[in-house]
Amino acid sequence: MEVLTSLMSGFAVATTPLHLFLIVLGCLLGTLFGALPGLGPINGVAILLPICYTLGLPVESSLIMLAGIYYGAEFGGRISSILLNVPGDAGAVFTCLDGYPMAQKGLAGPALALSGVASFIGGTIAIVGLTFFAPMLASVAIFFGPSEYFVLMIFAFATISALMGSNPAKSLIGVAVGLAVGVVGVDSTTGVLRFTFGEAELFDGFEFLIVIVGFFAVSEIMLMLEHHSSADFEMPKITRVYVTVKELLYCKWTMVRSSIIGFVVGVLPGTGASIASAVSYTIAQKISDKEGTFGKGDMRGLAAPESANNACAGGALIPMLTLGVPGSGTTAVLLGALMLYNINPGPMLFVEQPLLVWGLIASMYIGNVALLVINFPMVRVFTKILQVPYWLLVPSVIVLAFVGVYSVNMSTFALLLSIILGVLGYFLRKLHYPMAPVILGFVLGRIMEDNLRRAFAMSGGEVNIFFQGTINWILWGLTIFILFVPIISKMVAKRYALAK
Amino acid sequence: MIDRAFGVFLLCVGLYMVYGGISLEVPFSYDPLGPSAFPIGIGALLALLSLFVIAKPGKAHFPDLNTNLKTVLIVVLLFIYQLVFDVLGFLLATALLVFCISRIFKGTTSQALGSGVGVSVVVYGIFSFLLEVPLPMGVIFSKLLGA
Amino acid sequence: MSKALRLVTSMAAIVALSSALNAFEVSKPVCLAPAKPGGGFDLSCRLVSNSLGATKIIEKPMIVNFMPGGVGAVAYNHVIGQRSNDAEMIVAASTGSVLNIAQGKFGANYTVDSVKWLAALGTDYGAIIVKADAKWNTLAELVADLKANPKGFALGSGGSIGSQDWMKAAIIAKLAGINPKDMKYVAFEGGGEALTALLGNHIQVYPGDIAEFSGQLSSGKYKVLAILSEERLPGQMANIPTAKEQGFDAVWTIWRGFYVGPNVTDEQYNYWVEKIQKLVKTPEFEKERELRGLYPFTVIGKDYQKFMQEEEKKFKALAQEAGLTK
């Protein structure tokens, strides 16, 4: 097997003492960046890239370490989601939905351990996929043009129907609010500025980070004040710090399915961990939520987004390594790292820089195991965060979140924006508007609009472009399927009951 | 009541988006929708849906006056923080912010002082020296060092 | 007047005098890249900081800071508004920056004269790229096809209407004698996405930048119909014809330059001009520039300021012609 020989040569590169050290360091730093609200994989890689370069590290060493930060951050993002209900990064928004309720029930330990395993499984499935199917998947990804992306977004929106909950009007308003926030900024087709009020810093629209810090960190602090002030306030208890085999087996299919979804979403350029975790969560809910336990601390609802966002990180490397185009925001910065070292990435990277590419892939096998090994004993340490008194915890969270926001483009205007969004988020949450649709609207809206209009520009306004080609039809089929899953499963259950 | 008021707010935002979408000046566009279609559509959707909430508002549970005032105070503090961030510099502004929030969350004066100094110094150290993210020194500190 | 006060004032006078005698010297030189690390502006900054470091023309190491946003709009506003007299800092810019300034996108009241332009140190050139199995083999065939059937195929690249990337598509349209409004143009988020769309045959022509594209050249998946430079480029581009030699007057340079704040004194400005004049003559600089894939393009000091005013005028006319501004 040619692939295995290449992989072995990669392991030879990745297992030098320096590289083993950098893998572990990258994973540790990544976990930290992921865990801190306001700092995610993009800032992590962006902050460390100039440092690696200035230190004079060779390109493969830099890349191995920066990649470690990338998937390490996806691993670490879950921690503050579960413990504080403040997502550590973009991919961890959906981890809050069931992770935080678990922590409130005193199951913070199992939640952290379970999500660690889920992350590991997601990461590993993605690396295996990257090793064996990279060129093939890249050639499929090419067939995704604007019309396919648009139908894909329709599919993603269809999965939201799972999140509708008790008040559909408020859920839909949530989507609209998310879409509205996403509209701000320069229109990528005509260059017209929309709702920027003459502020240069709004040209690129709202950074995802600002939205997360506003909607989750700032508003969460305002809500914390209320819990904290109420008379029956009590610190959540920690029961155990491990996860049982039975619990893992309970989630096994959710983890495998979500890993595959996350990986596939990652392979598609222009998407990212937030979409991967959102879609896998909503699909898991559609398929598995028979008793209505999702959102109340269901383990499968925790395992789904965590498998997906880690799998997405591996998938996103495929277009980067095989086509020389970024598969996500973070891989765009990783590509920049190559450019900085005067390597012009393109389809020939595998041929021209085999040791670099295979060294990177091999390092990810090691990194994933390292993350699992590092994270298990740390669960006990992490849960200690819950015992930090609020007078220290709350200001620390807000300062770290603000430094992250400030570091994006060294501006206090970004801080102002996140405060405004924080107040908006506070009211939305107090008035029982679900936040998941808001985030989905924000993430998906822009991609949907851009691709709809690109497709129209290509077809000259004809609608039939969305019904051409096999991929479009498959996506329409999936959309209809996901809309009718609850009805179908009810029918199947009825028939089953009748047969009995 | 607050639910209804917030519904009215959302209605206004929706209407404003429709207005903003219509009044965009578009030289030309390669697609029939152009940049106005989405803002108009989203705004209309938002306005329409908010009517449901205005017609049938839910019950909202806001805490007692004291807590509400504290919540407002936090927002005001954060707002002042971003205003004085560049002038006072990261260290001073952060120490003050942390002290105040710490007090609000029932820290004693000494606990709040400790957190203020500790958090600002540790975070400044990590970001400025280890990660080379330039945080503002502030007018006062740079004058002191410059002289 | 008290003794102490007199002492203080005389000391202040001495300090002022001695600093006037000592010519300006940077203490903490910074290159501000108005983009994320690894982006094009980062590469410009590294070109200067690495070659300055290698030649020791400026003793203190130059560090690179980042301020992404609006293709440089955030940095432009920041420099003019808050750091207008910061002589320690140079800021990277490129063709796209002036294009945006000309269209008022960096701020309605700002022109190129809102800052002081220091130097352009290299350039990339536009290139017309199609898939390897495309039916056109020369620029003439493509242009003729576009003329015959303006909506027959789609051009696409990584920028919106009025951007640097769109301009290259508009140039092809003008060569074919059609209004840029009448071509089929698809705007993507960055050149990478556009290139993928070309590979998937969602678009048929990608007007890109040749140095940026060089990593893709040897893959055999694409053809470059023409490079938009005055003369043939050396090295691996040597057998790609220019548009000019194919009979089309189309040149598009994507130069990389730098500016400083508007209130930097003449003395400080001249300091930088002098250092850069020294720098561009060194072999270390030439080596760094070639490593970044950039081609020679050196305009320094007052000449550069004049060049920028001309660029602005040219782009204003172009934008007006295309119906982008009034």
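Computed from a predicted model, the values in this text were never measured in an experiment.

Draft legend 1. Examining the overall build of chain B more closely. When helices and strands are counted, chain B shows five helices and zero strands. Its C-alpha atoms give chain B a radius of gyration of 23 Å, more than 25% over the compact-globule value 15 Å for 147 residues. With the C-alpha coordinates of chain B rotated into their principal frame, the extents come out at 60 × 50 × 25 Å. Across the 147 residues in chain B, those meeting the buried criterion constitute 35%.

Draft legend 2. View of the overall build of chain C. When its secondary structure is counted, chain C shows 11 helices and 10 strands. In terms of its C-alpha atoms, chain C occupies a principal-axis envelope of roughly 90 × 45 × 30 Å. If you take every contact in chain C between residues at least 6 apart in sequence, the share linking residues at least 24 apart comes to 78%.

Draft legend 3. Structural context of the nonpolar core. If you look at the biggest cluster of nonpolar residues, it comprises 332 residues, and the most contacted ones within it are Leu66 of chain A together with Leu118 of chain C. The biggest single contributor to this core is helix α5 (residues 95-142) of chain A, with 24 residues.

Draft legend 4. Representation of helix α6 (residues 146-160) of chain A in the model. All names here are of chain A. Here α6 contains 15 residues, and its C-alpha end-to-end distance of 21 Å stays within 8% of the 21 Å for a straight helix at 1.5 Å per residue. α6 sits mainly inside the fold: 12 of its 15 residues count as buried. Of all the positions in α6, only Pro146, Ser147, Glu148, Tyr149, Phe150, Val151, Leu152, Met153, Phe155, Ala156, Thr159 and Ile160 are classed as buried. The secondary structure elements touched by the buried residues of α6 are α7 (168-183), α11 (273-288), α18 (435-459) and α19 (470-499).

Draft legend 5. Region of interest: the domain arrangement of chain B. Here the domain parsing of chain B yields domain 1 (2-55) and domain 2 (65-146). Computed over C-alpha atoms, the centres of domain 1 of chain B and domain 2 of chain B are 38 Å apart.

Draft legend 6. Region of interest: the interface of chain A and chain B. Contact with chain A, which involves 48 residues of that partner, is made by 57 residues of chain B. Elements supplying a minimum of two residues to the side of chain A that touches chain B: α3 (41-55), α7, α8 (208-229), α16 (390-409), α17 (412-430) and α18 of chain A. If you tally residues by element for the side of chain A that touches chain B, the top one is α16 of chain A, at 11 residues. Within the side of chain A that touches chain B, the residues separate by chemical class into 32 nonpolar, nine polar and seven charged.

Draft legend 7. Representation of α16 of chain A in the model. Helix length check: α16 of chain A (20 residues) gives 30 Å between terminal C-alpha atoms against 28 Å at 1.5 Å per residue, within 8%. Looking at the residues trailing α16 of chain A, positive phi occurs at Met410 of chain A, about 55°.

Draft legend 8. Highlighting the domain arrangement of chain C. All names here are of chain C. With domains assigned, chain C is organised as domain 1 (26-124 + 254-321) and domain 2 (125-252). At the junction of the two partners, domain 1 supplies 11 residues and domain 2 supplies 12 residues. Elements supplying a minimum of two residues to the side of domain 1 that touches domain 2: α4 (95-102) and β4 (116-131). In terms of residue count, the dominant contributor to the side of domain 1 that touches domain 2 is α4 (three residues). Across the side of domain 1 that touches domain 2, the residue classes break down as five nonpolar, five polar and one charged.

Draft legend 9. Spatial organisation of the interface of chain C and chain B. Every contact between the two is made by six residues of chain C and, on the other side, four residues of chain B. Residue composition of the side of chain C that touches chain B, grouped by class: two nonpolar, two polar and two charged.

Draft legend 10. Highlighting the packing of α5 of chain A against helix α10 (residues 252-267) of chain A. All names here are of chain A. Taken N-terminus to C-terminus, the directions of α5 and α10 make an angle of 40°; their axes are 9 Å apart at the nearest point. On the basis of the axis angle, α5 is oblique to α10. Of the two possible hands of crossing, α5 and α10 adopt the one that is right-handed. Across the interface between the two elements, Ala118, Ile121, Gly122, Ile125, Ala126, Gly129, Leu137 and Ala141 from α5 touch Met255, Ser258, Ser259, Ile260, Gly262, Phe263, Gly266 and Val267 from α10. Split by residue class, the contact of α5 with α10 holds 10 nonpolar, six polar and no charged.

Draft legend 11. Main features of unusual backbone geometry. The residue Phe197 of chain A is not glycine, and still its phi comes out positive at about 50°. Within the secondary structure, Phe197 of chain A is located in the loop between β2 (193-194) and α8.

Draft legend 12. Molecular detail of the environment of Asp289 of chain A. All names here are of chain A. Inspection of the secondary structure puts Asp289 in the loop between α11 and α12 (299-323). When the 17 C-beta atoms within 10 Å are taken as the criterion, Asp289 is described as partly exposed. Separated by 110 residues in sequence, Asp289 and Val399 have C-alpha atoms that sit 38 Å apart.

Draft legend 13. Just the packing of α6 of chain A against α18 of chain A, in detail. Residue and element names in this part refer to chain A. The contact between α6 and α18 brings their axes to 8 Å, and the two run at 150°. Relative to α18, the element α6 is oriented roughly antiparallel. When you trace α6 past α18, the crossing you get is left-handed. Residues Pro146, Ser147, Tyr149, Phe150, Met153, Ala156, Phe157 and Ile160 of α6 lie in contact with α18, whose contacting residues are Pro437, Leu440, Leu444, Ile447, Met448, Asn451, Leu452, Arg454, Ala455 and Met458. Residue composition of the contact of α6 with α18, grouped by class: 15 nonpolar, two polar and one charged.

Draft legend 14. Geometry of the environment of Val224 of chain C. Residue and element names in this part refer to chain C. By the element assignment, Val224 lies in strand β8 (residues 222-227). Val224 gets classed as partly exposed once you count the C-beta atoms within 10 Å, which come to 18. For the pair Val224 and Tyr206, spaced 18 residues apart in the sequence, the C-alpha separation amounts to 9.5 Å. Once residues lying within four places of it in the same chain are set aside, the contact partners of Val224 are Ala127, Ile128, Ile129 and Ile240.

Draft legend 15. Summary view of the environment of Glu141 of chain C. Tracing the backbone through its elements, the reader meets Glu141 of chain C in helix α5 (residues 139-148). Sequence spacing of Glu141 of chain C and Leu225 of chain C is 84 residues, and the spatial spacing of their C-alpha atoms is 9.6 Å.

Draft legend 16. Highlighting the confidence of the model for chain C. This prediction gives chain C a mean pLDDT of 89; 93% of its residues lie at or above 70. This stretch, residues 15-21 of chain C, has a pLDDT under 50; its non-local contacts, to residues over four places away or in other chains, come to zero contacts.

Draft legend 17. Broad picture of the pairing of strand β1 (residues 30-33) of chain C. Residues and elements named next belong to chain C. Two elements, β1 and strand β2 (residues 63-66), share four bridges in a ladder whose sense is parallel. Each bridged residue has a counterpart across the sheet, and for Ala33 the counterpart in β2 is Phe66. Relative to strand β3 (residues 89-94), β1 is paired through three bridges, and the arrangement is parallel. Counterpart to Leu32 in the pairing with β3 is Val91.

Thresholds, definitions, all that
Per chain, the residues get numbers from 1 upward, laid out in the order the sequence is written. Lettering of chains starts at A and numbering of ligands starts at 1, both following the order in which they are written. The model is predicted, so local features are restricted to residues of pLDDT at least 70 and side-chain atom pairs to those at 80 or more, both for listing and for counting; the totals for chains, interfaces and linings are taken over all residues. Secondary structure elements follow DSSP: runs of H or I no shorter than four residues count as helices, runs of E no shorter than two count as strands, and numbering proceeds from the N terminus. With the radius of gyration taken over C-alpha atoms, the globule rule is written as 2.2 Å times the number of residues to the power 0.38. Put simply, a residue is buried when 20 or more other C-beta atoms lie within 10 Å of its own C-beta and exposed when 12 or fewer do; between those, it is partly exposed, and each C-beta is set from the backbone. We call two residues in contact if the C-beta atoms placed from their backbones are at most 7 Å apart. In this usage, the nonpolar core is the set of buried Ala, Val, Leu, Ile, Met, Phe, Trp, Tyr and Cys residues whose C-beta atoms join them within 7 Å. In this scheme, a helix's expected span is set at 1.5 Å multiplied by one less than its residue total. Domain borders in the structure are assigned automatically or taken from a domain database. Gly falls in the polar group here, along with every residue not listed as nonpolar (Ala, Val, Leu, Ile, Met, Phe, Trp, Tyr, Cys, Pro) or charged (Asp, Glu, Lys, Arg). Angular values range over 0 to 180 degrees, each being the angle between N-to-C directions of two axes fitted as lines to C-alpha atoms, with helices fitted over their stretch in contact. Any angle that falls under 35 degrees is termed roughly parallel, while one over 145 is termed roughly antiparallel, one within 65 to 115 roughly perpendicular, and all others oblique. Note on convention: the crossing is left-handed when the near helix lies turned anticlockwise from the far helix by less than a right angle, right-handed when the turn is clockwise. The predictor attaches a confidence to each residue, and that confidence, scored 0 to 100, is pLDDT. The pairing criterion is simple: DSSP has to find at least two bridges between the two strands.

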